[in-house]
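A closer look at the structure
Now for the letters of each chain:
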Amino acid sequence: SWKQRVRVFCTGVYVVVIRCAELWATYLTEEEACTLRDFDQEWRQAEDEYASARREKEKREEERRQQEARERAREESLWMQMLHLRGYDDDGGSRKSKPA
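Residues numbered from 1 in each chain as written. Predicted model: local features only at pLDDT ≥ 70, side-chain atom pairs only at ≥ 80, totals over all residues. Heavy atoms only, no water.

The subject of this paragraph is the pattern of salt bridges. If you walk through the whole model with that rule in mind, you get three salt bridges. Taking the shortest distance from any N to any O, the salt bridge between Arg-54 and Glu-58 comes out at 3.6 Å. A residue pair is termed a helical-turn pair when its members lie 3 or 4 positions apart in one helix, as Arg-54 and Glu-58 do in helix H3 (residues 39-86) at four residues. On the basis of relative accessibility, which here comes to 40%, the residue Arg-54 falls in the partly exposed class. Glu-68 is the partner of Arg-64 in a salt bridge, and the nearest nitrogen-oxygen pair spans 3.0 Å. With Arg-64 and Glu-68 both in helix H3 and four residues apart, the pair spans about one turn of that helix. For Glu-68, a relative accessible area of 33% puts it in the partly exposed group. (Salt bridge = Lys/Arg side-chain N within 4 Å of Asp/Glu carboxyl O. Helix = DSSP H or I, 4+ residues; strand = E, 2+ residues; numbered from the N terminus. Buried < 20%, exposed > 50% of the residue type's maximum accessible area, 1.4 Å probe, protein only.)

The structure is reproduced here in structure tokens:
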């Protein structure tokens, strides 16, 4: 909510201070008040929230992709170790000849 504090120094004059919101509610229809709203500020907040949520989602997706890549690399490494222990070449399955 917007607030403005004003000091008025008057001598011998009766001063009435009325808030803008009170004026709007008293003298303007809802449709007229709507035309005076600060939509830029309202949209800025919504856009900031959307951008933040989008960044969080992208971060989670990137972390998931990195985790999957680590898991694939680990599985490939284990597979290569298993083939090596069984005596297979890395070229697709021909068995290494054991020295005599």
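This next bit is on a negative patch on the surface. Where like charges cluster on the molecular surface, the negative patch consists of Asp-38, Asp-40, Glu-47, Asp-48 and Glu-49. By the secondary structure assignment, Glu-47 is in helix H3. (Patch = residues over 30% accessible without salt bridge, like charges linked within 9 Å, V, L, I, M, F, W, Y side chains within 5 Å. Areas by Shrake-Rupley, 256 points an atom, 1.4 Å probe, with all protein chains shown as cover. Lys, Arg positive; Asp, Glu negative; His and termini not counted. Charge placed at Lys NZ, Arg CZ, Asp CG, Glu CD.)

Glancing now at a nonpolar patch on the surface. Among the surface-exposed residues, Tyr-14, Val-16, Ile-18, Leu-23, Trp-24, Tyr-27 and Leu-36 lie close enough to one another that they form a single nonpolar patch of about 810 Å² accessible area. Among the structural elements, Tyr-27 can be located in helix H1 (residues 20-27).

The next point concerns H3. The terminal C-alpha atoms of H3 lie 70 Å apart, and with 48 residues this matches the ideal 70 Å at 1.5 Å per residue to within 8%. Two residues or fewer after H3 comes Gly-87, characterised by a positive phi angle close to 90 degrees. (Expected span 1.5 Å × (residues − 1).)

Considering every residue of the protein, the mean pLDDT works out to 80; 84% of them sit at 70 or more. Taken element by element, the protein is modelled with least confidence in H1, mean pLDDT 76, and with most confidence in H3, mean pLDDT 91. (pLDDT = per-residue confidence, 0-100.)

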